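As a plain string of letters, each chain reads:
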Amino acid sequence: MAEIDAQIAQEKELLEREKQRLCDLQINGLDFSASTINEDLALWIKSGKKLSIKDKREVVKGVLNRENISSDILIAMLERGYLFPGKMVAMLLRHVIEKKLSVRVVELLRKNNNLCGGEDDVRAQIWLLIECVKQKIIPKREWEDLLESKIFLWSYVQQLILMRRLDGQMVSDILNCGIERQLPVLCKDEIISDVIEGKTLLGVLRKMVKMRYVFSGEELYLVVRGVLNGKIPEDILCMILEASCKCGSGCLYAAKNLLVNGLCEGKLSEQCFNCVLRYNGVLNDDDWKKLYDSQRDFLVRAYVRKFYPFLKIKI
């Protein structure tokens, strides 16, 4: 019993000292240059007290620059749900990428939904989170959660794609996340160009085609060029042509000459030619003559059927 009483008395004395110390801190404020700052902050956080923005800034400085404050204090603050201004969040993320802070910091920032500040601040934070995913500092699910969050800036996605800052898998993830229609229309030609240059997964373009994205004439021209150069499979071109024909798109005219030349040179198949034929009136007499002069059997047959249906010549 005596031993138990002694431990209880010791605990009470400790609690009384903490209570008195907390009272002193409330009166005098936190001294970030004191040798006891880690113990003081731990007590402050444990008691559920709030910190001003100025004090939070001092904590971040102490962890990142002065190194007199333990990163455990920062993690304890995040675990308690402390929120940080946008610029501080960006600074913390940057130090995680530089491996100066634990990955736990990113996890807790995301858990607290701590993307905040003005639009520029949020953009910086989003980019740093994307870097964390690309460098496999944080798991892919964090990227997927980010895509589905309300704070994600879809206008920023367009800029990232235009700047070639998202890899093919990330663009594919955007298409997978259930809000794929928010992918800016202006990005399609950049994605196609990247596929041709081998910078983006071919699956991204295939997925866009299957999702019935409408392609402009300029974009179709890029796809045809990619097919003729052996960078894009012909079946993707056929799917685009079929979809465009059904929705009445006039995009074929921009790529017509390229298609005709590809057919004449034997670089495009009969299946592709049949897709082109679905566009009534797109081929003029000069185009048909070029196709006939190519001497490819299926093109000659089509020419004869169109202009001389009464002929009974077997080709």
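Calculation criteria
- Along every chain, residues carry numbers that run from 1 in the direction the sequence is written.
- pLDDT decides what is reported in this predicted model: residues at 70 or higher carry local features, side-chain atom pairs at 80 or more are listed and counted, and totals for whole chains, interfaces and linings draw on all residues regardless.
- Hydrogens and waters are ignored; side-chain quantities use all the structure's heavy atoms.
- Put simply, DSSP H or I for four residues or longer makes a helix, DSSP E for two residues or longer makes a strand, and each gets a number counted from the N terminus.
- We call a residue buried when its accessible area falls under 20% of the maximum for its residue type, exposed when it is over 50%, and partly exposed in between, using a 1.4 Å probe and counting protein chains only.
- Residue contacts are defined here by distance: any two heavy atoms, one from each residue, within 4.5 Å place the two residues in contact.
- Methods summary: accessible areas were calculated by the Shrake-Rupley approach with a probe of 1.4 Å, and residue burial reflects only the protein chains presented.
- Exposure above 30% relative accessible area and the lack of any salt bridge qualify a residue for a patch; like charges then connect within 9 Å, and the nonpolar side chains Val, Leu, Ile, Met, Phe, Trp and Tyr within 5 Å.
- Salt bridge, as used here, is a side-chain nitrogen of Lys or Arg placed within 4 Å of a carboxyl oxygen of Asp or Glu.
- For every residue, the predictor states its confidence as a pLDDT score lying anywhere from 0 to 100.
- The span you would expect from a helix comes to 1.5 Å times its residue count less one.
- Within this scheme, the nonpolar core is defined by two criteria: the residues are buried Ala, Val, Leu, Ile, Met, Phe, Trp, Tyr or Cys, and they are joined through side-chain atoms within 4.5 Å.
- Pairing of aromatic rings covers Phe, Tyr and Trp, the last counted by its six-membered ring, and requires centre-to-centre distances within 6.5 Å; plane angles under 30 degrees mean stacked, over 60 mean edge-to-face, and any other angle means tilted.
- Here, axes are lines fitted to C-alpha atoms. For helices the fit covers the stretch in contact, and angles between N-to-C directions go from 0 to 180 degrees.
- Angles below 35 degrees are treated as roughly parallel, those above 145 as roughly antiparallel, those between 65 and 115 as roughly perpendicular, and all remaining angles as oblique.
- Handedness of a helix crossing follows the sense of rotation of the near helix relative to the far helix, less than a right angle counterclockwise being left-handed and clockwise being right-handed.

Our focus in this paragraph is the overall build of the protein chain. When helices and strands are tallied, the protein chain shows 18 helices and zero strands. For the protein chain, the proportion of its 315 residues judged to be buried stands at 45%. Counting only contacts in the protein chain whose residues sit at least 6 apart along the sequence, the fraction spanning at least 24 positions is 67%. Approximately 17200 Å² of the protein chain is accessible, and the part contributed by carbon and sulfur atoms is 50%.

Our focus in this paragraph is the environment of Glu265. When you line up the elements, Glu265 lands in the loop between α15 (252-264) and α16 (270-277). When its relative accessible area of 52% is taken as the criterion, Glu265 is described as exposed. With 31 residues separating them along the chain, Glu265 and Arg296 place their C-alpha atoms 9.1 Å apart.

A separate point is a nonpolar patch on the surface. A cluster of nonpolar side chains, namely Tyr308, Phe310, Leu311 and Ile313, defines an oily patch on the protein surface of about 430 Å² accessible area. Mapping Leu311 onto the fold places it in the segment after α18 (297-307). Residue classification places Leu311 among the partly exposed positions, given a relative accessible area of 35%.

When pLDDT is low, close inspection of the predicted coordinates is not appropriate. On average, residues of the protein chain score 81 in pLDDT, and 81% of them reach the 70 mark or higher. Confidence scores differ between elements of the protein chain, with helix α9 (residues 154-162) showing the lowest mean pLDDT of 64 and helix α17 (residues 285-293) the highest of 95.

A separate point is helix α3 (residues 53-66). Helix length check: α3, at 14 residues, gives a terminal C-alpha distance of 18 Å against a target of 20 Å (1.5 Å per residue), a fit within 8%. The set of residues buried in α3 consists of Asp55, Lys56, Val59, Val60, Gly62, Val63 and Leu64. Looking at the buried residues of α3, the elements they touch are α2 (37-46), α4 (71-79) and α5 (86-97). Glu67 lies just past α3 and shows a positive phi near 60°.

By size, the foremost hydrophobic cluster in this structure holds 94 residues, and its most contacted members are Phe84, Val105, Leu220, Leu237, Leu241 and Phe273. With eight residues, the top contributor of residues to this core is helix α7 (residues 119-134). Apart from residues lying up to four places away in sequence, Leu220 is in contact with Leu237, Ile240, Leu241, Cys251, Leu252 and Ala255.

Here we come to the pattern of salt bridges. Tallied over the entire structure, the rule returns 10 salt bridges. Note that Arg104 is salt-bridged to Glu107, the shortest N-O span being 3.6 Å. Note that Arg104 and Glu107 are positioned in helix α6 (residues 103-111) at a spacing of three residues, about one turn of the helix. The exposure class of Arg104 is partly exposed, given its relative accessible area of 34%.

Below, the discussion takes up the packing of aromatic side chains. Scanning all chains against the criterion turns up seven aromatic pairs. Pairing Tyr303 with Tyr308 gives two aromatic rings, centres 6.2 Å apart and planes at 50°, and the pair type is tilted. We classify Tyr308 as partly exposed; its relative accessible area is 37%. Measuring from centroid to centroid gives 6.2 Å for Tyr308 and Phe310, while their planes differ by 85°, and the two rings are edge-to-face. For Phe310, a relative accessible area of 59% translates into the label exposed.

Moving on, we get to the packing of helix α11 (residues 188-196) against helix α12 (residues 202-210). Contact geometry for α11 and α12: axes closest at 9 Å, N-to-C directions at 140°. If you check the angle between α11 and α12, you find them oblique. In terms of crossing hand, the pair formed by α11 and α12 is left-handed. From α11, Lys188, Ile191, Ile192 and Val195 reach across to α12, where they touch Leu202, Val204, Leu205 and Met208.

For any two helices packed against each other, one specifies the crossing angle of their axes together with the interaxial distance. In the contact formed by α4 and α6, the axes pass within 9 Å of each other and the chain directions differ by 20°. As judged from the angle between their axes, α4 and α6 are roughly parallel. Taken as a pair, α4 and α6 cross one another with a handedness that is left-handed. Of the residues in α6, those touching α4 at Leu74, Ile75, Leu78 and Glu79 are Arg104, Val105, Leu108 and Leu109.

With that out of the way, let us pick up unusual backbone geometry. Trans is the prevailing form of peptide bonds, just as negative phi is the prevailing case for residues other than glycine. Positioned with a positive phi, Glu67 is a non-glycine residue whose angle comes to about 60°. With respect to the helices, strands and loops of the structure, Glu67 is situated in the loop between α3 and α4. Its identity is not glycine, yet Gln295 carries a phi of approximately 65°, on the positive side. Tracing the backbone through its elements, the reader meets Gln295 in the loop between α17 and α18.

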